[in-house]
Amino acid sequence: QLTMSLNSSALLNEEYSQEPKRNTEGLERQELQTPSSFQDNPLQQLQLASQEVLEKAKKSGRSKCPRCSSSRMFYCYTCFVPVESVPTKEIPTVKLPLKIDIIKHPNETDGKSTAVHAKLLAPDDVTIYKYPCIPEYQEKRHEIALIFPGPNSVSVKDIAFHLQKYTKKSGCGNDDDCSKEPFPKQAKIEPKEEEKNLNECISRNRSEGTRLKKIIFIDSTWNQTNKIITDERLQGLLQIELKTRKTCFWRHQKGKPDTYLSTIEAIYYFLVDYHQEILKENYKGQYDNLLFFFSFMYTLIKNAKCCAGKE
C-alpha cells in the first residue's frame, strides 16, 4: 500500500485530474458493483517489477518529456516515452507472442487512454494508429483478429477453429477443399503417396489456423466505437470477445457492463488467455508487467479516495 500526501492528487497524470467529479462517480459506481474487488486489491497478485521508480516520481512531481519537453507525470502520452524522472532502464519491458495494433479514436483524450501503457512496456510489439490512418488488413485476415464484443464474436479458445476458415490454401489444387477429410472410398482408390500428400496438406492447413500473428484493439469510449468498427478495412476479420473478465478501471463508463475492459486490461487478459488456450503453456506471470503503470495508478487513486474519506 502507498502512503498518500495531502497534495498527492495534484501529482496525478492528466488522465486522472481532468475530470475529478467523473472519476469519483465512476469509482463509487464500480464499488457498488463489485465491493469485494475494491476491498481486496484484485491486482495485488501480479508479478511486477519494482515500482519504486514510480513512487519516487510521484513524490518529486511532474517532469519533462525528453522529446517534446512537455510537463508530464510518469510518462508522455503523446511521445510514448517515460519522463526524465523515470529512467527507461527502470521500466520493465515485456516481449509479446504476437504483434498488437491499437486503433485510437481521434476524439479519445490522450491523457485518459491506457493504450500508451502497452506501447511503453512492449515497444517492439505494439503500434498505435490514430483513426482513420490505419493499415489495410484484408490480405492478412488469415492471421489477424480483432478484439470486439458482438453477435459474431468468438472466445479465445476457439480462435484456431475459426481462423482456419481464412487460412490460405497451399500445396493443394485450386478446387481442393483442404479443410475437409477425404471420403473413405476416395482414400481407398487413391495411391498411398497421393493420400499421404493430401493428409499432410490437411494437417498443415489446420496447424496454420493457430498461427495468429496480430491482434487489433480499438481504443475509444464504447459510444465512439461504431465509426471504427464499421470501417471497411476491418470488415471480415475474426472478432474475439473477452467474456469472463471484469474491469478494475477507475474510469468505467456509465451504463456499460463491468466486462467492458480498459484497453490495457483487454490486452493483458487476452494475452493470458492466449498463452493458456492457444499456446497451451502454463502462465507464470510473463505479461503481468503490462499492468505496471495501471496497477500503480489503481492503488494511487484508491488510496487517494480512501484518504478523502470516501471508503
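Residues numbered from 1 in each chain as written. Predicted model: local features only at pLDDT ≥ 70, side-chain atom pairs only at ≥ 80, totals over all residues. Heavy atoms only, no water.

Looking at an unreviewed UniProt entry, the protein chain carries the name tRNA-uridine aminocarboxypropyltransferase 1, with the source organism given as Caloenas nicobarica. Under Subcellular location (unreviewed entry), UniProt gives the following word-for-word description of the protein chain: "Nucleus". (UniProt positions renumbered as here; feature names shortened; annotations may be inferred.)

Participant: Looking at this structure, I do not really get the confidence of the model for the protein chain. What am I missing?
Facilitator: Residues shown with low pLDDT carry predicted positions that ought not to be read at fine detail. The pLDDT averaged across the protein chain works out to 76; a share of 67% of its residues lies at or above 70. Between residues 1-39, whose pLDDT stays under 50, and residues either more than four places distant or in other chains, the model counts 84 contacts. Overall, residues 201-209 carries pLDDT values under 50, and its contacts beyond four positions in sequence, including any with other chains, amount to 26 contacts. (pLDDT = per-residue confidence, 0-100. Contact = heavy atoms within 4.5 Å.)

Participant: What exactly am I supposed to notice about the pairing of strand β8 (residues 214-219) here?
Facilitator: On a regular strand, one side chain projects to one face of the sheet and the next to the other, so that they alternate. Burial within β8 is extensive, with 5 of its 6 residues counted as buried. With 6 bridges joining them, strand β5 (residues 99-104) and β8 adopt parallel strand pairing. Bridge pairing in β8 places I102 opposite F217. (Buried < 20%, exposed > 50% of the residue type's maximum accessible area, 1.4 Å probe, protein only. Helix = DSSP H or I, 4+ residues; strand = E, 2+ residues; numbered from the N terminus. Pairing = 2+ DSSP bridges.)

Participant: Please clarify how the nonpolar core should be interpreted in this entry.
Facilitator: General note: in soluble globular proteins, nonpolar side chains tend to be found buried as a group. Membership of the largest hydrophobic core comes to 59 residues, with the highest contact counts inside it found for I100, I215, F270, L290 and F293. Of the residues forming this core, the biggest block, 9 residues, is contributed by helix α9 (residues 263-277). Counting only domains with at least three residues in this core, you end up with domain 1 (53-91) and domain 2 (96-161 + 210-310). What F270 contacts, discounting residues up to four positions off in sequence, is L98, I147, V156, I159, L212, I215, F217, I240 and L242. Grouped together as the second largest cluster of nonpolar side chains are 14 residues, Y131, L146, I229 and L237 included. (Core = buried A, V, L, I, M, F, W, Y, C linked by side-chain atoms within 4.5 Å. Domains from an automatic or database assignment.)

Participant: How should I be thinking about the environment of K95 in this particular structure?
Facilitator: Take K95: it is sitting in the loop between β4 (81-82) and β5. Classification of K95 by relative accessible area gives exposed; the value is 57%. Contacts of K95, omitting those with residues within four sequence positions, involve D125 and Y287. A distance of 3.2 Å separates a polar atom in the side chain of K95 from a polar atom in the side chain of D125. (Polar contact = N/O pair within 3.5 Å; in protein donor to acceptor, adjacent residues only side chain to side chain.)

Participant: Explain α9 here, please?
Facilitator: Because an α-helix packs 3.6 residues into every turn, residues spaced three or four apart end up facing the same way. For α9, which comprises 15 residues, the first-to-last C-alpha distance of 21 Å matches the rise-based estimate of 21 Å (1.5 Å per residue) to within 8%. Within α9, 13 of the 15 residues are buried, which leaves the element mostly enclosed by the surrounding structure. (Expected span 1.5 Å × (residues − 1).)

Participant: Even after reading the chapter, I still don't get the pattern of salt bridges, so can you show me in this structure?
Facilitator: Oppositely charged side chains are able to pair whenever their charged atoms sit close together. As enumerated under the stated definition, the model contains 9 salt bridges in all. D101 is paired through a salt bridge with K214; the nearest N and O atoms lie 3.4 Å apart. Here K214 lies in strand β8 and D101 lies in strand β5, a separation of 113 residues in the sequence. Since its relative accessible area comes to 2%, D101 is described here as buried. By relative accessible area, K214 is classed as partly exposed at 24%. A salt bridge links D231 to R233; its shortest N-O distance comes to 2.9 Å. R233 matches D231 in its accessibility class, with the two residues each being buried. In the salt-bridge network here, residues are joined through shared partners; they are K95, K99 and D125. (Salt bridge = Lys/Arg side-chain N within 4 Å of Asp/Glu carboxyl O.)

Participant: What should I look at first to understand the sheet that holds strand β7 (residues 144-147) in this one?
Facilitator: By way of backbone hydrogen bonds, the strands of a sheet pair with one another, either parallel or antiparallel. Read across the open sheet, the 5 strands follow the order β6-β5-β8-β7-β9; overall the sheet is parallel. Taken across any chain shown, the strands that pair with only one partner, and hence form the sheet edges, are β6 (126-130) and β9 (238-240). For this sheet, the mean angle separating the axes of adjacent strands, direction not counted, is 25°. In terms of strand pairing, β7 meets β8 through 3 bridges, oriented parallel. Across the sheet, A145 pairs through a bridge with I215, a residue of β8. (Axes fitted to C-alpha atoms, helices over the stretch in contact; angles between N-to-C directions.)

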